[in-house]
Amino acid sequence: MLAPLILAASRSDKMRSFVSAAPGTKQVVDRFIAGESVDDVVPVIEDAAAKGLEVTLDVVGEDITTPEQASAARDAYLELVGRLKELGLGTRAEMSVKLSMFGQALEGGHELALANVRPVVEAAAAIGTTVTLDAEDHTTLDSMFAIHEELRKDFPQTGCVIQAYLFRTEDDARRLAAAGSRVRIVKGAYKEPAEVAFQDKAEIDKAYVRITRILMEGDGYPMIGSHDPRLISIAQELARRAGRKLDEYEFQMLYGIRSDEHLRLAAEGHRMRVYTAYGTDWYGYFMRRLAEKPANLLFFGRSILTKN
């Protein structure tokens, strides 16, 4: 019941100011955000690699209002690629990008976002890694999928994300589950109306299983984005039934959540990738993490009370 309120607050400038100024905020943000700069996140990548984990890196920041900010976002990712190249970590780390950060919502935003993301995808391919296009709210998806299709003409390893709670996603999954595709399935973390998305958790979970089956039985490479033990077990069984080897799909979880499960899956031989966000504009990302799990909100509340 709290999730819609938290997601609405993620768009509020007043709430942004309040949360940013709260004494206990930094303690909780540090749980989900790996740092503010590339220098902060490099040790996290190296530690993950040492533990047999892979990462996907997200430079947080979505509320772009000018073309200059979109260019700056592109340059932040190009800086990241440069550091990965220097450290020889390209095969252990990919990148996740939100096209809103590249100017998608601005005038001429579709073309602007494509122009900004293309050099990032090209640079990633040059060091042996790739980029996954994150899904945002439903109004952005046709543009995202069109950009994904265009990028895959030259960089077929480019991935995309689909969200189980949207009614459209089963059809999207069937279309995307083709040879060479890389598709991450998540439940969904945006406030969506009942006209386009399931609102009941049980219905979302059922949709997640149906879509995971489509991906596992298809010819692409499924990326299972979930912390839910039951859904993880179901995904493993669906992979077994589809005759998939352990290197023919992977699991993905968020940095700071269920770290013991990251290690357990990796120890079993699964590819386990940790979604690792960093940067200074963390508010929107942080609020969605609170909305996803009530325990995160309780942890935040206790931190604030402890610091006061």
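Residues numbered from 1 in each chain as written. Predicted model: local features only at pLDDT ≥ 70, side-chain atom pairs only at ≥ 80, totals over all residues. Heavy atoms only, no water.

### With respect to the nonpolar core
- The biggest cluster of nonpolar side chains holds 78 residues, and the ones touching the most others in it are Leu57, Tyr77, Leu84, Met95, Val117, Leu133 and Ile162.
- For this core, the leading source of residues is helix α9 (residues 201–217), giving 8 residues.
- Not counting the four nearest positions on each side in its chain, Val117 is found in contact with Val97, Leu99, Phe102, Leu133, Ile147 and Leu151. (Core = buried A, V, L, I, M, F, W, Y, C linked by side-chain atoms within 4.5 Å. Buried < 20%, exposed > 50% of the residue type's maximum accessible area, 1.4 Å probe, protein only. Helix = DSSP H or I, 4+ residues; strand = E, 2+ residues; numbered from the N terminus. Contact = heavy atoms within 4.5 Å.)

### What about the sheet that holds strand β4 (residues 159–163)?
- Ordered in space as β1-β2-β3-β4-β5-β6-β7-β8, the 8 strands form a closed barrel in which the pairing is parallel. Sheet twist, expressed as the mean angle between neighbouring strand axes with direction ignored, is 30 degrees.
- In this sheet, strand β8 (residues 271–278) lies alongside strand β1 (residues 54–59) in parallel orientation, the contact comprising 6 bridges. Opposite Glu54, over in β8, you have Arg273 as the bridge partner.
- Strands in contact with helix α7 (residues 141–154) are β3 (131–133) and β4; relative to β4, the strand with the most contacts, it is inclined by about 155 degrees. (Pairing = 2+ DSSP bridges. Axes fitted to C-alpha atoms, helices over the stretch in contact; angles between N-to-C directions.)

### Describing the packing of aromatic side chains
- The full count for this structure, using the stated rule, is 3 aromatic pairs.
- Here Phe167 and Phe198 contribute two aromatic rings whose centre-to-centre distance is 4.8 Å and whose plane-to-plane angle is 80 degrees, an arrangement assigned as edge-to-face. Of this pair, Phe167 sits in the loop between β4 and α8 (169–176) while Phe198 sits in the loop between β5 (182–186) and α9; the two residues are 31 residues apart in sequence, bridging distant segments of the chain.
- The class of Phe198 is partly exposed, set by a relative accessible area of 22%.
- The ring of Phe145 has Arg175 sitting right over it, with the charged end atom 4.9 Å from the ring centre. (Phe/Tyr/Trp six-rings, centres within 6.5 Å; stacked < 30°, edge-to-face > 60°. Lys NZ or Arg CZ within 6 Å of the ring centre and 35° of its normal.)

### Considerations on the packing of α9 against helix α10 (residues 229–241)
- Across the interface, α9 lies against α10 with an axial gap of 10 Å and an inter-helix angle of 25 degrees. Considered as vectors, α9 and α10 are oriented roughly parallel to each other. When you trace α9 past α10, the crossing you get is right-handed. Of α10, the residues touching α9 (which contributes Asp205, Tyr208, Val209, Thr212, Arg213 and Met216) are Arg230, Leu231, Ile234, Ala235, Leu238 and Ala239.
- A breakdown of the residues in the contact of α9 with α10 according to their chemical character gives 8 nonpolar, 1 polar and 3 charged. (Parallel < 35°, antiparallel > 145°, perpendicular 65-115°, else oblique. Left-handed = near helix turned anticlockwise from the far one by under 90°. Nonpolar A, V, L, I, M, F, W, Y, C, P; charged D, E, K, R; others polar.)

### Observations regarding the pairing of β5
- Among the 5 residues that make up β5, 4 are buried, leaving the element largely enclosed by the rest of the structure.
- Alignment of β4 against β5, held across 4 bridges, turns out to be parallel. Bridge pairing in β5 links Cys160 to Val183.
- This β-α-β element, β4 to α8 to β5, shows right-handed connectivity.
- Where the polypeptide runs from β5 across α9 and back to strand β6 (residues 221–225), its parallel neighbour, the crossover connection is right-handed. (Right-handed = clockwise from strand over helix to strand, strands pointing away.)

### Observations regarding the pattern of salt bridges
- Tallied over the full model, the rule gives 31 salt bridges.
- Asp75 is the salt-bridge partner of Arg74, the closest N and O atoms lying 3.0 Å from each other.
- We classify Arg74 as partly exposed; its relative accessible area is 22%.
- For Glu203, the salt bridge identified is with Lys206, shortest N-O distance 3.8 Å. Linking Glu203 with Lys206, this pair stays in helix α9, spanning 3 residues, or about one helical turn.
- Note on Lys206: relative accessible area 47%, which makes it partly exposed.
- Among the ionic contacts, a cluster of salt bridges with common partners joins Asp58, Glu94, Lys98, Asp134, Arg182 and Arg184. (Salt bridge = Lys/Arg side-chain N within 4 Å of Asp/Glu carboxyl O.)

### Some words on the environment of Pro156
- Secondary-structure assignment places Pro156 in the loop between α7 and β4.
- Among the residues examined, Pro156 registers a relative accessible area of 42% and is labelled partly exposed.
- Distance from Pro156 to Gly180, taken between C-alpha atoms, is 6.7 Å for residues 24 residues apart in sequence.

### So, the pairing of β4
- Across the 5 residues of β4, 5 count as buried, placing the element largely inside the fold.
- Of the two faces of β4, the one holding Gly159, Val161 and Gln163 and the one holding Cys160 and Ile162 are both buried throughout.
- Across 2 bridges, the pairing between β3 and β4 is parallel. Pairing of Thr132 across the sheet is with Gly159, part of β4.
- For the crossover that starts at β3, traverses α7 and ends in the parallel β4, the hand is right-handed.

### Quick look at α8
- For α8, the set of buried residues is Thr169, Glu170, Asp172, Ala173 and Leu176. Buried residues along α8 cover an arc of 160 degrees about the axis, so they all sit on one side. Turned more than 90 degrees away from the buried face of α8 sit Asp171 and Arg174, all of them exposed.
- Those residues of α8 hidden inside the fold are in contact with α7, β4, β5 and α9. (Arc of directions from axis to C-beta.)

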